[in-house]
Each structure stands twice: as structure tokens, then as C-alpha cells.
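A structural walkthrough
The chain contents come next:
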Amino acid sequence: EAGVAQSPRYKIIEKRQSVAFWCNPISGHATLYWYQQILGQGPKLLIQFQNNGVVDDSQLPKDRFSAERLKGVDSTLKIQPAKLEDSAVYLCASSFRNPGGNYEQYFGPGTRLTVT
Amino acid sequence: QKEVEQNSGPLSVPEGAIASLNCTYSDRGSQSFFWYRQYSGKSPELIMFIYSNGDKEDGRFTAQLNKASQYVSLLIRDSQPSDSATYLCAVPYSGAGSYQLTFGKGTKLSVIP
């Protein structure tokens with residue numbers, strides 16, 4: 001079974017530029033998450049989708065970040081304009097419900113963003 | 001929002017020893033707990049989950065849960081240099097139709113050959 005796919009793997013941009021990240025979840029996983037992980041920290045949830053609907057975007061900085069999941073499969077996360085503090089790894093994860101009733105999350109390889 | 005606390009380390013153990021990683025959480029209603037391993041420059045990898053009080057063993061890994069003390073731990077027996085990584089504890093939060101994980105900051109483990 002293929003894992004969560006993300007692209008690009010690395011991106012370097014200047015502040016005030018825009019950037020977009022793409023994610024393709026594991027086939028059949030209805031729930032998709034975007035996380036931001038700053039060096040030395042655990043992943044921090046930005047947004048959660050269930051199929052093509054947003055379940056929780058309370059921690060998404062909506063003045064500069066946006067995300068969509070058209071057709072309930074692939075998702076894109078955009079930052080416009082980028083700030084220096086956005087330098088981080090952006091992780092996409094998808095989850096399924098196991099027989100015990102709990103959801104197991106699996107992560108993609110991440111996109112390392114450097115804002116200069 | 002749930003709080004998940006981990007000692008950031010680094011925790012250094014000699015090869016072959018038992019590594020003990022600890023995690024405390026704030027919400028008494030938490031029912032399940034996840035351990036992720038993250039190698040430097042890589043994404044988190046799910047290695048264990050535990051729902052019930054007591055121990056759960058999987059190969060060299062044992063997860064221990066004590067809900068009364070709000071404490072979950074991960075033991076790695078016969079530690080190998082390849083176990084050197086950051087270990088993240090994660091606790092689910094369910095509400096308003098969502099199911100999310102709150103992660104600790106992680107404990108960095110170094111296994112010394």
C-alpha cells in the first residue's frame with residue numbers, strides 16, 4: 001500500500017512570496033491533516049479535513065494560510081505572503097479507523113520550507 | 001486542548017540497555033495513546049498505540065499505561081544505535097466531529113555503541 005505522498009520535499013523562498021504544498025493521502029483514508037513542525041517541537045495541527053469538508057481550522061493563520069481538499073482526495077496548503085517564522089516542516093497525514101475504534105494517523109515525508 | 005508533556009532529553013543509553021521514555025498528559029478522559037518515532041530529517045512513524053491500563057508489548061518495544069497517574073511510557077529493550085531518534089507521545093482529542101492528535105515535544109534518544 002502506498003503511503004502519504006507530498007511535494008515538493010524542499011522549498012526555499014523569500015519573505016512575502018507565496019508557496020503551495022501538495023498532499024495525496026493513503027487510498028481510502030477519508031481524514032486528512034496538515035501539521036506544522038518547527039525544529040525541536042512536536043507537530044502542531046493546522047487544519048483537518050473529513051472528505052472534502054473542513055472539520056477544524058482553528059489553528060490555521062487564515063490571514064496568510066489557506067487549504068483546500070477538492071474532490072475529497074488530494075489537498076493543497078498555501079502560504080501567501082510567507083514570513084520568516086513560517087520556516088518549518090509541513091507534514092500531511094491521513095488516518096483510518098482501526099477495528100478497535102481508534103484512528104491511526106500516518107504521515108507523509110513532509111516539505112521543508114525555508115523562508116529567507 | 002490537551003497538554004502532553006515529555007522530557008526533551010537528550011536521553012543517552014548504552015547499546016543493549018533498556019531505554020525508558022515517559023509522557024504525562026492532562027486530560028483524565030484520554031482513552032488512547034500513541035508513540036511515534038522520528039529520525040532526524042524524517043517524518044514521524046507510528047510504532048505503538050495503547051488503549052488499556054497495563055502493558056502492551058511489540059517486539060523490543062513495550063508501552064505502559066497508568067490512567068490513574070495520567071502517565072504513559074515506552075520501554076525499548078536491547079537498545080540499538082538504530083533506535084537513536086526522537087520519540088513523540090501523542091494523545092487524541094475528540095470533539096465536534098473531529099479527531100485530532102496532540103503531540104508532546106518529543107524525547108531525543110541516543111544509543112551509544
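Residues numbered from 1 in each chain as written. Chains lettered and ligands numbered in written order. Predicted model: local features only at pLDDT ≥ 70, side-chain atom pairs only at ≥ 80, totals over all residues. Heavy atoms only, no water.

1. Here's the deal with the packing of aromatic side chains
- Taken as a whole and judged by the stated rule, the model has 12 aromatic pairs over all chains.
- Among the aromatic side chains, those forming a connected cluster through ring pairs are Tyr-33, Tyr-35 and Phe-107 of chain A together with Tyr-36 and Phe-103 of chain B.
- Lying over the aromatic face of Phe-49 of chain B, Lys-56 of chain B brings its terminal NZ or CZ to 3.9 Å of the ring centre. (Phe/Tyr/Trp six-rings, centres within 6.5 Å; stacked < 30°, edge-to-face > 60°. Lys NZ or Arg CZ within 6 Å of the ring centre and 35° of its normal.)

2. Brief notes about the sheet that holds strand β1 (residues 5-7) of chain A
Residues and elements named next belong to chain A.
- An order of β1-β3-β8-β7 is seen for the four strands of this open sheet, with the pairing classed as antiparallel. The sheet is open, and its two edges are formed by β1 and β7 (65-68), each paired on a single side. Averaged over all adjacent pairs, the angle separating strand axes in this sheet is 15°, with direction ignored. (Pairing = 2+ DSSP bridges. Helix = DSSP H or I, 4+ residues; strand = E, 2+ residues; numbered from the N terminus. Axes fitted to C-alpha atoms, helices over the stretch in contact; angles between N-to-C directions.)

3. Comments concerning the interface of chain A and chain B
- Contact with chain A, which involves 23 residues of that partner, is made by 21 residues of chain B.
- Approximately 1,700 Å² of surface area, both sides summed, lies buried where chain A meets chain B, with 50% of it carried by carbon and sulfur atoms.
- Summed over the three residues of chain A that lose the most area to chain B, namely Asn-102, Tyr-103 and Phe-107 of chain A, the buried surface amounts to 25% of that side.
- Summed over the shared surface of chain A and chain B, the result is zero salt bridges.
- Where chain A touches chain B, the interface holds six residue pairs in polar contact (both at pLDDT 80 or more).
- Residue assignment for the side of chain A that touches chain B shows that the elements contributing at least two residues are β4 (31-37), β5 (44-50), β6 (53-56) and β10 (103-107) of chain A.
- When residues of the side of chain A that touches chain B are assigned to their parent elements, the largest contribution, five residues, is made by β10 of chain A.
- Of the residues belonging to the side of chain A that touches chain B, the class tally is 10 nonpolar, 10 polar and three charged. (Contact = heavy atoms within 4.5 Å. Buried area = accessible area lost by both parts, 1.4 Å probe. Salt bridge = Lys/Arg side-chain N within 4 Å of Asp/Glu carboxyl O. Polar contact = N/O pair within 3.5 Å; in protein donor to acceptor, adjacent residues only side chain to side chain. Nonpolar A, V, L, I, M, F, W, Y, C, P; charged D, E, K, R; others polar.)

4. So, the side chain of Gln-100 of chain B
- With respect to the helices and strands, the residue Gln-100 of chain B is situated in strand β10 (residues 98-103).
- For Gln-100 of chain B, a relative accessible area of 4% gives the class buried.
- At 3.3 Å, the side chain of Gln-100 of chain B and the side chain of Gln-48 of chain A are in polar contact.
- If we ignore the near neighbours within four places in the chain, the residues touching Gln-100 of chain B are Tyr-33, Leu-45, Gln-48 and Asp-56 of chain A together with Val-91, Pro-92 and Tyr-93 of chain B. (Buried < 20%, exposed > 50% of the residue type's maximum accessible area, 1.4 Å probe, protein only.)

5. Section: the layout of surface pockets
- Taken as a whole, the largest pocket encloses approximately 680 Å³ of empty space.
- Lining the largest pocket are 32 residues, with Leu-39 and Gly-40 of chain A together with Gln-38, Ser-40 and Gly-41 of chain B sitting closest to its centre.
- Elements with a minimum of two residues in the lining of the largest pocket: β9 (88-97) and β11 (111-115) of chain A together with β9 (85-95) and β11 (107-112) of chain B.
- Top contributing element to the lining of the largest pocket by residue count: β11 of chain A, with four residues.
- Class assignment for the residues of the lining of the largest pocket results in 11 nonpolar, 16 polar and five charged.
- Computed from the structure, the second largest pocket encloses a volume of approximately 430 Å³.
- Considering the residues around the second largest pocket, the lining is formed by 22 residues, among which Gln-41, Gly-42 and Pro-43 of chain A together with Thr-102 and Phe-103 of chain B are closest to the centre.
- Among the elements of the structure, β4 and β5 of chain A together with β1 (4-6) and β10 of chain B are those that each provide at least two residues to the lining of the second largest pocket.
- Among the elements that take part in the lining of the second largest pocket, β10 of chain B stands out by supplying four residues, more than any other.
- Here the residues of the lining of the second largest pocket sort into six nonpolar, 11 polar and five charged. (1 Å grid on protein atoms, 1.4 Å probe; cavity = no way out; pocket = protein on both sides within 12 Å on 5 of 7 lines; lining within 4 Å. Points joined across faces, edges and corners; volume = space filled by probe spheres on them.)

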